[in-house]
Amino acid sequence: MYWTEFLTVALIHLLAVASPGPDFAVVVRESVTHGRRAGTWTALGVGSAIFLHVGYSLLGIGLIVSQSIVLFNALKWAAAAYLLYIGFKALRAQPAKTVTDDLHKETGVRTARGAFTSGFVTNGLNPKATLFFLSLFTVVINPHTPLAVQAGYGVYLAVATAIWFCLVAMLFSQQRVRAGFARMGHWFDRTMGAVLVAIGVKLAFTEMH
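Residues numbered from 1 in each chain as written. Predicted model: local features only at pLDDT ≥ 70, side-chain atom pairs only at ≥ 80, totals over all residues. Heavy atoms only, no water.

## Points about the confidence of the model for the protein chain
Turning to step 1, where the next piece is worked out: Summary statistics for the protein chain give a mean pLDDT of 79 and a share of 76% for residues scoring 70 or more.
Turning to step 2, where the next piece is worked out: When the criterion is pLDDT under 50, residues 97-107 qualifies, and its contacts beyond four places in sequence or with other chains add up to 13 contacts. (pLDDT = per-residue confidence, 0-100. Contact = heavy atoms within 4.5 Å.)

This is how it looks when you write it as structure tokens:
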């Protein structure tokens, strides 16, 4: 009965999650710098944050945030500050002595909790994600759709997001890929840092429509 609605939700989500953004940047950076385990935990963090967006969308809190300039700006600046923080941290990356030493050293540094938190916070604080899920649950999904069905959509969105970014982590954590990026060493970190800073700056100037 709700298959058409579900397919619409799935298609919109696919287009949204496949477009490069903060989530993609942070998963790629964690995967290349720290390896598959860290990249996977980051992906799971991003996926888990979807439950946060779905939760407040179902409760109607997202509507309050979208209508309040103060709350929207608070969320926007918190997200921008976080992205700028990890971006500037990456910009300060120093050249490694050797590619092998760099990969092994970085692999042992990152904890699962740290990687998960990085993914969760990056997605959870993204106001664009807030507006995306608000529009999804108020415009695309019929308000008369049973709450249990809407919750089911939410579970799908979280799982699909986690799977997508786990695949991204698997791709960018392959030894050949990591070695290729590692040859550029600190320049890769600096490039990803510049991307994150640019996203953070753009986010800081996002207007609520």
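## Re the layout of surface pockets
Turning to step 1, where the next piece is worked out: Space inside the second largest pocket adds up to approximately 530 Å³.
Turning to step 2, where the next piece is worked out: Lining the second largest pocket are 21 residues, and of these A16, S19, P22, N126 and K128 lie nearest its centre.
Turning to step 3, where the next piece is worked out: Sorting the residues of the lining of the second largest pocket by element identifies helix 1 (3-18), helix 2 (22-34), helix 8 (127-140), helix 9 (147-172) and helix 11 (186-204) as the ones contributing at least two each.
Turning to step 4, where the next piece is worked out: Of the residues contributing to the lining of the second largest pocket, the split by class is twelve nonpolar, six polar and three charged. (1 Å grid on protein atoms, 1.4 Å probe; cavity = no way out; pocket = protein on both sides within 12 Å on 5 of 7 lines; lining within 4 Å. Points joined across faces, edges and corners; volume = space filled by probe spheres on them. Helix = DSSP H or I, 4+ residues; strand = E, 2+ residues; numbered from the N terminus. Nonpolar A, V, L, I, M, F, W, Y, C, P; charged D, E, K, R; others polar.)

## Let's talk about a nonpolar patch on the surface
Turning to step 1, where the next piece is worked out: Taken together, the side chains of F51, V155, V159, I163, L167 and M170 present a nonpolar region at the surface, about 530 Å² in accessible area.
Turning to step 2, where the next piece is worked out: It is helix 9 that provides the largest number of residues to the nonpolar patch, a total of five residues.
Turning to step 3, where the next piece is worked out: Note on placement: F51 falls in helix 3 (residues 36-59). (Patch = residues over 30% accessible without salt bridge, like charges linked within 9 Å, V, L, I, M, F, W, Y side chains within 5 Å. Areas by Shrake-Rupley, 256 points an atom, 1.4 Å probe, with all protein chains shown as cover. Salt bridge = Lys/Arg side-chain N within 4 Å of Asp/Glu carboxyl O.)

## Observations concerning the packing of aromatic side chains
Turning to step 1, where the next piece is worked out: Using the criterion set out here, one finds six aromatic pairs in the structure.
Turning to step 2, where the next piece is worked out: Relative to Y156, the ring of F6 lies with its centre 4.9 Å away and its plane at 70 degrees, an arrangement referred to as edge-to-face. You can see F6 sitting in helix 1 and its partner Y156 sitting in helix 9, a full 150 residues away along the chain.
Turning to step 3, where the next piece is worked out: Relative accessible area serves as the criterion here: at 29%, Y156 is assigned to the partly exposed category.
Turning to step 4, where the next piece is worked out: For the pair W41 and F116, a centre-to-centre distance of 6.3 Å together with 75 degrees between the ring planes defines the contact as edge-to-face. Here F116 lies in helix 7 (residues 112-124) and W41 lies in helix 3, a separation of 75 residues in the sequence. (Phe/Tyr/Trp six-rings, centres within 6.5 Å; stacked < 30°, edge-to-face > 60°. Buried < 20%, exposed > 50% of the residue type's maximum accessible area, 1.4 Å probe, protein only.)

## What about the side chain of H13?
Turning to step 1, where the next piece is worked out: With respect to the helices and strands, H13 occurs in helix 1.
Turning to step 2, where the next piece is worked out: A relative accessible area of 5% means that H13 is categorised as buried.
Turning to step 3, where the next piece is worked out: In this structure, H13 is in contact with F132, L157, A160 and T161, ignoring residues within four places of it in sequence.

## Some points on the packing of helix 2 against helix 9
Turning to step 1, where the next piece is worked out: Running from N to C, helix 2 and helix 9 cross one another at 40 degrees; their axes reach a closest spacing of 8 Å. Judged by the twist between their axes, the crossing of helix 2 over helix 9 is right-handed. Contacts between helix 2 and helix 9 pair D23, F24, V27, V28, S31 and V32 from the former with F165, V168, A169 and F172 from the latter.
Turning to step 2, where the next piece is worked out: Residues that form the contact of helix 2 with helix 9 fall into these classes: eight nonpolar, one polar and one charged. (Axes fitted to C-alpha atoms, helices over the stretch in contact; angles between N-to-C directions. Left-handed = near helix turned anticlockwise from the far one by under 90°.)

## Details of helix 1
Turning to step 1, where the next piece is worked out: Over its 16 residues, helix 1 runs 22 Å from end to end, which matches the ideal 22 Å to within 8%, given 1.5 Å per residue.
Turning to step 2, where the next piece is worked out: Taken together, the buried positions of helix 1 are occupied by E5, F6, V9, A10, H13 and V17. With its buried residues spanning 135 degrees around the axis, helix 1 presents them on a single face. Of the residues in helix 1, the exposed ones pointing more than 90 degrees away from the buried face are T4, L7 and L15. (Expected span 1.5 Å × (residues − 1). Arc of directions from axis to C-beta.)

## A closer look at the pattern of salt bridges
Turning to step 1, where the next piece is worked out: For the coordinates displayed, the defined rule picks out one salt bridge.
Turning to step 2, where the next piece is worked out: For E30, the salt bridge goes to R110, with nearest N and O atoms at 2.7 Å. Of this pair, E30 sits in helix 2 while R110 sits in the loop between helix 6 (99-109) and helix 7, and the two are 80 residues apart along the sequence.
Turning to step 3, where the next piece is worked out: Overall, E30 belongs to the buried group, its relative accessible area being 3%.
Turning to step 4, where the next piece is worked out: You can call R110 partly exposed: its relative accessible area is 25%.

## Points about the UniProt feature "transmembrane region" (unreviewed entry) in the protein chain
Turning to step 1, where the next piece is worked out: The positions UniProt marks with the feature "transmembrane region" (unreviewed entry) are residues 41-63, 70-88 and 153-172.
Turning to step 2, where the next piece is worked out: Counted over residues 153-172, helix gives 100% and strand 0%. Its end C-alpha atoms are 29 Å apart. (UniProt positions renumbered as here; feature names shortened; annotations may be inferred.)

## Details of the environment of V27
Turning to step 1, where the next piece is worked out: The topology assignment puts V27 in helix 2.
Turning to step 2, where the next piece is worked out: Overall, the relative accessible area of 0% leaves V27 in the buried class.
Turning to step 3, where the next piece is worked out: Placed 88 residues apart in sequence, V27 and A115 show a C-alpha to C-alpha distance of 8.9 Å.
Turning to step 4, where the next piece is worked out: Sequence-distant contacts of V27, that is, excluding residues within four places in its chain, are made with G39, T42, A43, V46, F165, V168 and A169.

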